[in-house]
Amino acid sequence: MGDPALDTRAGETQTTQRERMATLGMLAAGLAHELNNPAIAIGRSVDLLREGIAQVDPILRQIASHPWTDEELRFLARLGATTERAADAGIDIVERTDREESLIAWLDGHDVPSSPELAAALVERGVTPDELAALARGCSPAVVGDAMAWLSRLTLIRQLLDDVARSAARIGELVHAVKSQAYADASRRIVDVHESIESSLTLMGYKLREAKAKIVREYDRKLPRVETYGTELHQLWTNLLDNAADAIGQAKGERTVRVRTAMDGDALRIEIRDTGPGIPAALTERIFEPHFTTKAAGKGTGLGLDIVKRIVAHHHGSVACESDGAGARFVVRIPLVQPSAATDGASQSR
Ligand SMILES: Nc1ncnc2c1ncn2[C@@H]1O[C@H](COP(=O)(O)OP(=O)(O)OP(=O)(O)O)[C@@H](O)[C@H]1O
Ligand SMILES: [Mg+2]
């Protein structure tokens, strides 16, 4: 593949469209897989929410049948308020288990059908057996039992709502990642290279997980932002990660994809390394040729690295492949200072 600046305008447009279609196809597959998980999770949570809410009604009737003293009403209100507390993230696992066990013992002792979920949720909110005992002082056992049953349902409902909110946020994240990648506008913009890598990791998430790849990030967060064209950088990482996922799928031992960013003179250096089978030395030049693929028909078109090479050239950078028997390593360099659009033939032809 020649210098993009030398391509004719019509030829370049066609190639660019083909590249975009290839990348969009990859995005669509990634998106379908990634959306499936939160969609299933929301459906399951909503079913459980229906059940949980249906169970609240009989408990409320039961509660309403008690002659409540002022003390007992205060107990109910304070108990309800504990569900509003922020989660206590500071408790370590040993302490957590201890507290859960003593809460379960307390609940059993008060004839409350003790559920590990309720105990876990109470511990999560920082409620201790001592606090519960203090709250319940002076209340009849029947009131305490019904109030705890009510709290148990309320806790479950809140947890399910949190799950729904998390899944919805995940869908939002995915839509955001697609929006930033599928952007049609190819104009220049200044981006944080890590953000574009992360959104590619999000969209290739399903494939990397299927390959059981462990992702290791070694980011130099102090790196300056860099000028790019539209979503080209996303396409760049997505194609490299797609190959890394394929390679990891064939790994015999360790399954790691390492993404490292660093400053290298006046350029950003981004390295994507995998522990797959690597690339035979005789092929390390050929892999960048358009339509060169070692993958089965229908699996690879051989366009990925051609796209990578062209995008890197468009940014006046370089890409190199090294393979030392311990997997493949792709090193991309992108100069921080991009020639201005007026003097940049490559960008004018886009
Ligand atoms: N990380 C890697 N590990 C091992 N081989 C690789 C790696 N990346 C690329 N290759 C080799 O380079 C070839 C060309 O890669 P390229 O991305 O251009 O095409 P492809 O992955 O085969 O197909 P496409 O990307 O169009 O789906 C691959 O078929 C594979 O042989
Ligand atoms: Mg590829």
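You'll find the structure just up there.
A quick note: this is a predicted structure, and the numbers were derived from the prediction, not measured.

Looking at where Thr 128 falls in the secondary structure, it is placed in the loop between helix 4 (116-124) and helix 5 (129-136). For the pair formed by Thr 128 and Arg 99, sequence separation is 29 residues and the distance between their alpha carbons is 6.8 Å. Aside from chain neighbours lying at most four places away, what touches Thr 128 is Arg 99 and Leu 103.

Attention shifts here to the packing of helix 2 (residues 70-82) against helix 5. Two elements in contact, helix 2 and helix 5, have axes separated by 9 Å at closest approach and are oriented at 150 degrees. When the interaxial angle is binned, helix 2 and helix 5 end up roughly antiparallel. Within the contact between the two elements, helix 2 uses Phe 75, Arg 78 and Leu 79 and helix 5 uses Leu 132, Leu 135 and Ala 136. In terms of residue class, the contact of helix 2 with helix 5 is made up of five nonpolar, no polar and one charged.

With 39 residues, the main nonpolar core has Leu 236, Trp 237, Leu 240, Val 257 and Phe 330 as its most contacted residues. The set of elements that each furnish at least two residues to this core consists of helix 7 (193-203), helix 9 (232-249), strand 4 (256-264), strand 5 (267-274), helix 10 (304-314), strand 6 (318-323) and strand 7 (328-335). Per element, the largest residue contribution to this core is eight residues, and it comes from helix 9. With residues near it in sequence (within four places) discarded, Leu 236 still touches Val 308, Ile 311, Val 312 and Val 332. Of all hydrophobic cores here, the second largest spans 26 residues; its members include Phe 75, Val 123, Val 127 and Cys 139.

Moving on, we come to the pairing of strand 7. A large share of strand 7 lies buried, amounting to seven of its eight residues. As paired strands, strand 5 and strand 7 are joined by seven bridges and run antiparallel to one another. When the bridges of strand 7 are listed, Ala 267 appears paired with Pro 335. Strand direction decides the pairing type here: strand 6 and strand 7, joined by six bridges, are antiparallel. Paired with Val 319 across the two strands is Val 332, which belongs to strand 7. Hairpin connection between strand 6 and strand 7: a loop of four residues separates the two successive antiparallel strands, and Gly 325 in this loop has a positive phi of roughly 90 degrees.

Right, let's talk about the sheet that holds strand 7 for a bit. If you trace the five strands from one edge of the open sheet to the other, you get 2-4-5-7-6, paired in mixed fashion. Each edge of the sheet is formed by a strand with only one pairing partner; in this case those strands are strand 2 (214-218) and strand 6. Ignoring which end each strand starts from, the neighbouring axes of this sheet average 15 degrees apart. Where strand 4 and strand 5 come together, eight bridges link them in antiparallel fashion. Its bridge partner lying in strand 5, Val 259 is registered against Ile 272. Running at roughly 140 degrees to strand 6, helix 10 makes contact with strand 6 and strand 7 of the sheet.

Thresholds applied
- Residues numbered from 1 in each chain as written.
- Chains lettered and ligands numbered in written order.
- Predicted model: local features only at pLDDT ≥ 70, side-chain atom pairs only at ≥ 80, totals over all residues.
- Heavy atoms only, no water.
- Helix = DSSP H or I, 4+ residues; strand = E, 2+ residues; numbered from the N terminus.
- Contact = heavy atoms within 4.5 Å.
- Axes fitted to C-alpha atoms, helices over the stretch in contact; angles between N-to-C directions.
- Parallel < 35°, antiparallel > 145°, perpendicular 65-115°, else oblique.
- Nonpolar A, V, L, I, M, F, W, Y, C, P; charged D, E, K, R; others polar.
- Core = buried A, V, L, I, M, F, W, Y, C linked by side-chain atoms within 4.5 Å.
- Buried < 20%, exposed > 50% of the residue type's maximum accessible area, 1.4 Å probe, protein only.
- Pairing = 2+ DSSP bridges.

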